[in-house]
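# Residue-level structural notes
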Protein chains: 4
Amino acid sequence: MGVVKTKRMPRAVREQQMLDAAVRIFGQRGYMAASMDDIAELAGVSKPLVYLYLNSKDDLFSAVIRREAAALTEAVREAVRLDQPADRRLWDGLLAFFTHTAQHPDAWSVLHLHARTHGERFAAEVTEMRRDIVTFVTRLVAVAAREAHGNPALADEEVAGLAEALVGAAESLATWANATEGVTARQTAATLMNFAWSGLGNLMSGNRWTPSTARP
Amino acid sequence: MGVVKTKRMPRAVREQQMLDAAVRIFGQRGYMAASMDDIAELAGVSKPLVYLYLNSKDDLFSAVIRREAAALTEAVREAVRLDQPADRRLWDGLLAFFTHTAQHPDAWSVLHLHARTHGERFAAEVTEMRRDIVTFVTRLVAVAAREAHGNPALADEEVAGLAEALVGAAESLATWANATEGVTARQTAATLMNFAWSGLGNLMSGNRWTPSTARP
Amino acid sequence: MGVVKTKRMPRAVREQQMLDAAVRIFGQRGYMAASMDDIAELAGVSKPLVYLYLNSKDDLFSAVIRREAAALTEAVREAVRLDQPADRRLWDGLLAFFTHTAQHPDAWSVLHLHARTHGERFAAEVTEMRRDIVTFVTRLVAVAAREAHGNPALADEEVAGLAEALVGAAESLATWANATEGVTARQTAATLMNFAWSGLGNLMSGNRWTPSTARP
Amino acid sequence: MGVVKTKRMPRAVREQQMLDAAVRIFGQRGYMAASMDDIAELAGVSKPLVYLYLNSKDDLFSAVIRREAAALTEAVREAVRLDQPADRRLWDGLLAFFTHTAQHPDAWSVLHLHARTHGERFAAEVTEMRRDIVTFVTRLVAVAAREAHGNPALADEEVAGLAEALVGAAESLATWANATEGVTARQTAATLMNFAWSGLGNLMSGNRWTPSTARP
DNA sequence: TATGAATGAGCGTTCATTCAT
DNA sequence: TATGAATGAACGCTCATTCAT
């Protein structure tokens, strides 16, 4: 089990092996339940080496978060082509997102569940990544408003709220998809895209629901 | 700090105090990081008494989940009046949901974050509650399709997917609202209702987006 | 399970119920592993009552030892008739002993295993009983020497050693018999009587083995 | 008190130190009353190291039993010379047995008292050793019957019963000798040998006692 | 570059015992 | 006569972390 025990690797390689092991253990057990012993064993090295390279459990967790957050944003960014219309860009982004989270469930577990569950410091690190993505989606939505519906009059706060809801829904769906057998990334992306695009479209046309329209 | 130390309470009262303390500690620290010592201290009793009444950390966590899940579903159920039209019922439900989660952030933390993160047994207990709510929303959406749009032709699976997305979005938003200063339950409910109702409306009219409509 | 819960018994009766329960629990689990909770529950009373009547775990254990030691010596004493010849008295004593230990295995467990295993105080209490029995047997052996073999010349220390060996063998056999299926008290008594009487007889005739008789 | 604190020993050495300490603590207090803290302190190491090497209290106890059982059987086996006549072999075995139990009273306490008192698993481990010895003695008795008395006609079951009684008496005497001041191993062995050899001799000559021979 | 040896501190759990009624 | 409520003290065990090489 774990990495085959190989001696005398260069530091950079060893570090990646340790991070790989850490992602798996943290992702499956959470921060507190993960033990440095297990991580070291899975990485195929002795515990002192882990401390030598990664300093402490906190720092190790932090390094995992940063590496995986970067990988996820990178995957989404690479998938989106700027010469495409807004709806296509949204679709490509969603598909890349769900594909990545499906291929790296432990990493997604760390980012979405465990990092936000254990202490301000780690939550902050994820929040940063999240802000990147929300900003990206926000722009997309704003552009989409003009491009697809010719209606620039969506208030900024409203755009922010919508982006937040969209991202939140995506996060929820990613976790749900990983926990559910037989759901492909494509299907998940389609479900959300369909829902979102329709909602947006309707909003753009000024067709909205408010409590006051309900009969008391 | 914590509850004022009061001696010789009847068992039922003490148990509730313990559960109150447990909700706070579990909600803020998670299952693993919560210590029975801290819970006992916050409850104003000695640790052995906690064990005498609640048996074990697992059982205590389980009791917390069951109590808070019941409270949340009850809050939503009470808010919804059957003699109202579907849209109004959805709105009332959402408002009650976000109000409750805002007023009991630790309880929501336990239910949404920690219970699902720590072990099958607890996840199962939350899943049960969730199924109740998803079923409730599913019916609402189906009824809404007929009532508001005169279009009964929404496929069952599609309804289920929509309900899942809706509930997932609601859960995400609840957590986000609790973590964000100055967001009221009413605002959160409005954002989601607006988004959802518009999306649904559009879907009912057969207006949907699929990847194939995008230019390759 | 345990004693049927009956309220308001006279003290003497309650005490016996508690001692009964204590014998079972102590006998089956040993002093340390026995819990006052279990004893109180088996006795059908609340824990404070046990403390009210028996003071402490130590005192309870002590009371058990004294009661059971008295019962055992009494059983042996009653079986032996002074108007019988020595060999018959030995036989009757052995039979009574093995019968009693077989009928009260938990009591025997307490006396032979647990009391001598846990602390000077309790060991001393058993030792007292043991001394009674050893003295009794010693006299028997001395008398037997005269009666059956007409040889009074067995040294006192030798008689003591033999009695010790005889009692030790009896104790060992009692425990062994209780742990072995299908062995009756009568059989056990016969085995030992046979062995002992033969050995004694031979000794009386001056037929003994010493290391010096062995070839170096 | 305890072993002088020496740092950085190889594992094998430390393990023996821990077992030494465990024998003393278990032997003097019994399994339940022995605390891992005390054992660690007596061994001159911290508690985690004991767990690192010996896994658990149960495993530690088990290791102690196995080591001491092996040592005892080895001591007896080494003392017995096959080129000696049966009576001499029995004497040598007894002497070695009582010498070893006198020199390692705590070990004997563990084997005879505590291991058989605490749980099936440990009892089984001792029973195995005991069976070895009983078998050894059984053969000796059978051979002795032929060699010394020219009477091969002792029934198998009878031989087994005698061996059991002999071993039981030896065990009892070992414990008694350790608890009694001023008794040497040689004296103890002589007492038993004398008793046993005489008894055997008499039995071989067909001279036995049965209840029916007693006057009613 | 790499590790065997070692520990301080804490956690979940239990138990004998007492208080107030 | 009898008990529900409550706790101080310990115990088995684990873990993040360091030292010496």
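Residues numbered from 1 in each chain as written. Chains lettered and ligands numbered in written order. Predicted model: local features only at pLDDT ≥ 70, side-chain atom pairs only at ≥ 80, totals over all residues. Heavy atoms only, no water.

Let's shift gears to the pattern of salt bridges. Residues and elements named next belong to chain B. In this structure the tally under the stated criterion is 48 salt bridges over all chains. A salt bridge links R66 to E125; the nearest nitrogen and oxygen atoms lie 3.2 Å apart. Here the residue R66 occupies a position in helix α4 (residues 57–79), and E125 occupies one in helix α7 (residues 120–149), the gap between them amounting to 59 residues. The class for R66 is partly exposed, based on a relative accessible area of 47%. (Salt bridge = Lys/Arg side-chain N within 4 Å of Asp/Glu carboxyl O. Helix = DSSP H or I, 4+ residues; strand = E, 2+ residues; numbered from the N terminus. Buried < 20%, exposed > 50% of the residue type's maximum accessible area, 1.4 Å probe, protein only.)

In many analyses, interface size is given as the accessible surface area lost on bringing the parts together. Residue and element names in this part refer to chain A. Partitioning chain A into structural domains gives domain 1 (1–54) and domain 2 (67–205). Contact residues are listed per partner, giving 11 residues for domain 1 and eight residues for domain 2. Interface area for domain 1 against domain 2, summed over the two sides, is near 780 Å², with a carbon-plus-sulfur share of 61%. Applying the counting criterion to the domain 1 and domain 2 interface returns one salt bridge. Here D20 makes a salt bridge to R67, at a shortest N to O gap of 2.8 Å. If you look at where domain 1 meets domain 2, you find five residue pairs in polar contact (both at pLDDT 80 or more). When grouped by side-chain class, the residues that make up the side of domain 1 that touches domain 2 number five nonpolar, four polar and two charged. (Domains from an automatic or database assignment. Contact = heavy atoms within 4.5 Å. Buried area = accessible area lost by both parts, 1.4 Å probe. Polar contact = N/O pair within 3.5 Å; in protein donor to acceptor, adjacent residues only side chain to side chain. Nonpolar A, V, L, I, M, F, W, Y, C, P; charged D, E, K, R; others polar.)

Compared with an ideal rise of 1.5 Å per residue, which puts 18 residues at 26 Å, helix α5 (residues 86–103) of chain A spans 26 Å between its outermost C-alpha atoms and is within 8% of the ideal. Taken across its 18 residues, α5 of chain A has 15 buried, putting it largely inside the fold. (Expected span 1.5 Å × (residues − 1).)

Let us now look at the packing of aromatic side chains. Applying the stated criterion across every chain yields a total of 28 aromatic pairs over all chains. Aromatic side chains F97 of chain C and W108 of chain C sit 5.4 Å apart centroid to centroid with 85° between the ring planes, which places their arrangement in the edge-to-face category. Here the residue F97 of chain C occupies a position in helix α5 (residues 86–103), and W108 of chain C occupies one in helix α6 (residues 105–117), the gap between them amounting to 11 residues. Residue class for W108 of chain C comes out buried when judged on its relative accessible area of 4%. An aromatic cluster of three or more residues is present, and its members are F26, Y31, F61 and F122 of chain A. (Phe/Tyr/Trp six-rings, centres within 6.5 Å; stacked < 30°, edge-to-face > 60°.)

DNA strand F sits among 36 residues. The nearest are R8 and P48 of chain B, R8 of chain C together with K47 and Y51 of chain D. The share of sugar and phosphate among atoms of DNA strand F within 4 Å of the protein is 57%. Take M36 of chain D: an N or O atom from its main chain is 2.9 Å from a phosphate oxygen of DNA strand F. Counting residues per element, the ones that place at least two in the surface near DNA strand F are α3 (47–54) of chain A, α1 (11–29) and α3 (47–54) of chain B, α3 (47–54) of chain C together with α3 (47–54) of chain D. Looking at side-chain class alone, the surface near DNA strand F contains 18 nonpolar, six polar and 12 charged residues. (Near = heavy atom within 4 Å.)

What follows is about the packing of helix α4 (residues 57–79) of chain C against α6 of chain C. Residue and element names in this part refer to chain C. Interaxial distance between α4 and α6 falls to 9 Å at its minimum, and their mutual angle equals 120°. Note on packing geometry: the crossing formed by α4 with α6 is left-handed. Here α4 contributes F61, V64, I65, E68, A69 and L72 to the contact with α6, which in turn contributes A107, W108, V110, L111, H114 and A115. Considered class by class, the residues forming the contact of α4 with α6 number 10 nonpolar, one polar and one charged. (Axes fitted to C-alpha atoms, helices over the stretch in contact; angles between N-to-C directions. Left-handed = near helix turned anticlockwise from the far one by under 90°.)

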